[in-house]
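What the coordinates show
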Amino acid sequence: MLEFTLSRATCRRCSSPCPLARISLVLSLLSHVAALGASVQAFGPELAPPGLKSVWGELTPMIASAMESGETELEVRFGMEPGGIPSAGFPNGVPPEAFERVANALRASAEQGHIECLSDHWELQRDLCYSTFLRETMSASGERKIIRKQLIKRIDVVGHGADPHPKLQVESSQVKMRFSWKTEQDIPNPTPADFGQLEGVREKQRLSFRYKMWRFDLTIVRGAPCFDFRLVDSALAEAPASYEIELELCA
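Quick look at the structure, then.

How each quantity is defined
Residues numbered from 1 in each chain as written. Predicted model: local features only at pLDDT ≥ 70, side-chain atom pairs only at ≥ 80, totals over all residues. Heavy atoms only, no water. Helix = DSSP H or I, 4+ residues; strand = E, 2+ residues; numbered from the N terminus. Expected span 1.5 Å × (residues − 1). Buried < 20%, exposed > 50% of the residue type's maximum accessible area, 1.4 Å probe, protein only. Contact = heavy atoms within 4.5 Å. Polar contact = N/O pair within 3.5 Å; in protein donor to acceptor, adjacent residues only side chain to side chain. Phe/Tyr/Trp six-rings, centres within 6.5 Å; stacked < 30°, edge-to-face > 60°. Lys NZ or Arg CZ within 6 Å of the ring centre and 35° of its normal.

**A closer look at helix α2 (residues 56-68)**
Compared with the 18 Å implied by 1.5 Å per residue over 13 residues, the 18 Å span of α2 between its first and last C-alpha is a close match. Inspection of α2 places Trp56, Leu59, Thr60, Met62, Ile63, Ala64 and Ala66 among the buried residues, and these make up the whole buried set.

**Let's talk about the environment of aspartate 217**
By the secondary structure assignment, aspartate 217 is in strand β9 (residues 214-225). Between the C-alpha atoms of aspartate 217 and glutamate 248, which are 31 residues apart in sequence, the distance is 7.9 Å. Discounting residues that sit within four places of it in the chain, aspartate 217 has contacts with Arg206, Leu207, Ser208, Glu244, Ile245, Glu246 and Glu248. A polar contact is formed between the side chain of aspartate 217 and the side chain of serine 208, at a distance of 2.6 Å. At 2.7 Å, the side chain of aspartate 217 forms a polar contact with the side chain of arginine 215.

**A short note on the packing of aromatic side chains**
Applying the stated criterion across every chain yields a total of four aromatic pairs. Where tyrosine 130 meets phenylalanine 229, the ring centres are 6.4 Å apart and the plane angle is 45 degrees; that geometry is what we call tilted. You can see tyrosine 130 sitting in strand β4 (residues 123-130) and its partner phenylalanine 229 sitting in the loop between β9 and α6 (232-237), a full 99 residues away along the chain. On the basis of relative accessibility, which here comes to 7%, the residue tyrosine 130 falls in the buried class. Aromatic ring contacts, followed pair by pair, group Phe99, Trp122 and Tyr243 into a single cluster. Here arginine 178 stacks its cationic end above the ring of phenylalanine 90, 4.4 Å away from the centre of that ring.

The values reported here are purely geometric and, on their own, carry no functional implication.
Printed below as a string of structure tokens:
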């Protein structure tokens, strides 16, 4: 897992490296890439925003390629273990209290006119996931969408403290970021053979915001493996909730 410096990515309100500060850091990186365009790979880490110089060479080729393609998407997911205890793997979302802090901050920013809130309520969706990488999404309004997503490349990064203070070093390692580059293809008229075997189900409550080229998705997710359509509701009823914060390039 790559490391990046978080000492300059602290939240001004709480003076700690909270998820909201990481979002600002990622926006800084993506804005640099957008400004430089396809030639970004020719530039060295001296042009990277503070705190991301150490991972510049790994991230920018992937981000530049994603921006050039009209059939791929770039997502940045934030992970944080409950209690701030670092783990070897990527955390399943963030703690509810961190999720709520980010949601409140984004709502306040939308009320002040700095960003756009894409919905005035939490939108309810259900995903059925199949073995052929198809995902069937049904919304509470009755809308149905079928897409095929496949991962091209993924890079996980974790912070490390540049400040020698032991407490800052621990806090810096709490939040991780996962950059995922994926293909996304609409399947308007799938055949039964396109679906394959049902493998899982997810129920999502989502609130989304937009800032320039970027979309913020705050999602409460309940998901579980499921291989039988008759057991979908019972699988969801027993699934614990995870709280996910994602940033997606919408250019």
